[in-house]
Amino acid sequence: MSKVLAIDYRKKRCGFAISDEDQSIAFPLETVDNKEIYQYIKNITENENIVKFVIGLPRTNTNDLFNLENEIKLFIKKIKLDYPNLGICREDERFTSSIAKLLIAKSDLKKTKKENKKLIDKISATIILQSFLKKL
């Protein structure tokens with residue numbers, strides 16, 4: 001089969017997660033600065049059998065979209081141009097950062113604030129992807 005790549009898009013950096021070949025389990029990858037995101041995506045798509053992107057949809061508790069959605073739409077537009085044969089799906093990402101923070105707090109990981117932010121982003125991407133995969 002093939003794999004799905006999830007992206008938790010943020011203003012400064014993005015968290016990434018990837019599925020297994022059966023598209024049943026999500027695994028965290030990296031957190032990448034936005035200035036390096038397109039090269040990272042290129043490397044992943046060249047080395048893995050990616051068929052689809054899942055990108056977080058940033059909604060508020062009242063179901064409104066965060067302002068970040070405008071940047072995400074521009075990002076998606078570029079991805080569609082670069083990878084016209086790959087599908088793009090959106091997945092509600094409400095509470096993913098909160099869940100990621102709780103998971104980190106429950107673990108014994110002692111990280112710096114910067115390391116925690118990066119960890120939160122890739123765990124959030126993993127939660128987004130696992131949520132998407134459950135629906136397949």
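Residues numbered from 1 in each chain as written. Predicted model: local features only at pLDDT ≥ 70, side-chain atom pairs only at ≥ 80, totals over all residues. Heavy atoms only, no water.

Thoughts on the overall build of the chain
Here is step 1 of the chain: When helices and strands are counted, the chain shows 4 helices and 5 strands.
Here is step 2 of the chain: Each helix (α) and strand (β) of the chain, taken in turn from the N terminus, gives the series β-β-β-α-β-α-β-α-α.
Here is step 3 of the chain: The globule rule puts the C-alpha radius of gyration for 136 residues at 14 Å, and the 14 Å found for the chain is close to it.
Here is step 4 of the chain: When its C-alpha atoms are laid out on the principal axes, the chain stretches across 40 × 30 × 30 Å.
Here is step 5 of the chain: A separation threshold of at least 6 residues defines the contact pool for the chain, and within that pool the share at least 24 residues apart is 61%. (Helix = DSSP H or I, 4+ residues; strand = E, 2+ residues; numbered from the N terminus. Rg over C-alpha atoms; globule rule 2.2 N^0.38 Å. Contact = heavy atoms within 4.5 Å.)

Notes on the pattern of salt bridges
Here is step 1 of the chain: Scanning the entire structure with this criterion turns up 10 salt bridges.
Here is step 2 of the chain: Where R10 meets D8, a salt bridge forms, and the shortest distance between an N and an O atom there is 3.2 Å. Neither R10 nor D8 differs from the other in exposure class; each is buried.
Here is step 3 of the chain: Among the salt bridges present, the one from R13 reaches D121, with a minimum N-O distance of 2.6 Å. One end of the pair, R13, is in strand β2 (residues 13-19); the other, D121, is in helix α4 (residues 113-134), and 108 residues separate them in sequence. (Salt bridge = Lys/Arg side-chain N within 4 Å of Asp/Glu carboxyl O. Buried < 20%, exposed > 50% of the residue type's maximum accessible area, 1.4 Å probe, protein only.)

What to know about the nonpolar core
Here is step 1 of the chain: Counting residues in each nonpolar core, the largest one holds 21 residues, and the members touching the most others are I7, F16, I41, F53 and F75.
Here is step 2 of the chain: Contributions of two or more residues to this core are made by β1 (3-9), β2, α1 (37-47), β4 (50-57) and α2 (68-82).
Here is step 3 of the chain: The element contributing the most residues to this core is α2, with 5 residues.
Here is step 4 of the chain: Sequence-distant contacts of F16, defined by excluding residues within four places in its chain, comprise L5, A6, I7, P28, L29, E30, V32, I37, Y40, I41, K122 and A125.
Here is step 5 of the chain: With 10 residues, the next largest nonpolar core counts V4, V54, A125 and I128 among its residues. (Core = buried A, V, L, I, M, F, W, Y, C linked by side-chain atoms within 4.5 Å.)

Details of helix α3 (residues 96-106)
Here is step 1 of the chain: What α3 keeps buried is the set T96, A100 and I104. Along the long axis of α3, the arc covered by the buried residues comes to 70 degrees, so they all point the same way. Pointing more than 90 degrees away from the buried face of α3 are the exposed residues L102, A105 and K106.
Here is step 2 of the chain: Looking at the buried residues of α3, the elements they touch are α4. (Arc of directions from axis to C-beta.)

Observations regarding the packing of aromatic side chains
Here is step 1 of the chain: Overall, the coordinates contain 4 aromatic pairs when judged by the stated rule.
Here is step 2 of the chain: Ring centres of Y38 and F75 lie 5.9 Å apart, and the angle between their planes is 40 degrees; this geometry places the pair in the tilted category. Of the two residues, Y38 is situated in helix α1 and F75 in helix α2; the sequence distance between them amounts to 37 residues.
Here is step 3 of the chain: Accessibility expressed as a relative area gives 32% for Y38, which makes it partly exposed.
Here is step 4 of the chain: The exposure class of F75 is buried, given its relative accessible area of 1%. (Phe/Tyr/Trp six-rings, centres within 6.5 Å; stacked < 30°, edge-to-face > 60°.)

Thoughts on the sheet that holds strand β3 (residues 26-33)
Here is step 1 of the chain: Spatially, β3-β2-β1-β4-β5 is the arrangement adopted by the 5 strands of the open sheet, whose pairing is mixed. Pairing within the sheet leaves two strands with one partner each, and these edge strands are β3 and β5 (87-92). Taken over all neighbouring pairs, the strand axes of this sheet differ in orientation by 25 degrees on average, direction set aside.
Here is step 2 of the chain: Sheet analysis places β2 next to β3, joined by 6 bridges and oriented antiparallel. When the sheet's bridge partners are listed, S19 is paired in β3 with A26.
Here is step 3 of the chain: In this fold α1 packs onto β1, β2, β3 and β4, with an angle of close to 145 degrees to the strand it touches most, β3.
Here is step 4 of the chain: On top of the sheet, α4 reaches β1, β2, β3, β4 and β5; it is set at about 40 degrees to β2, its chief contact. (Pairing = 2+ DSSP bridges. Axes fitted to C-alpha atoms, helices over the stretch in contact; angles between N-to-C directions.)

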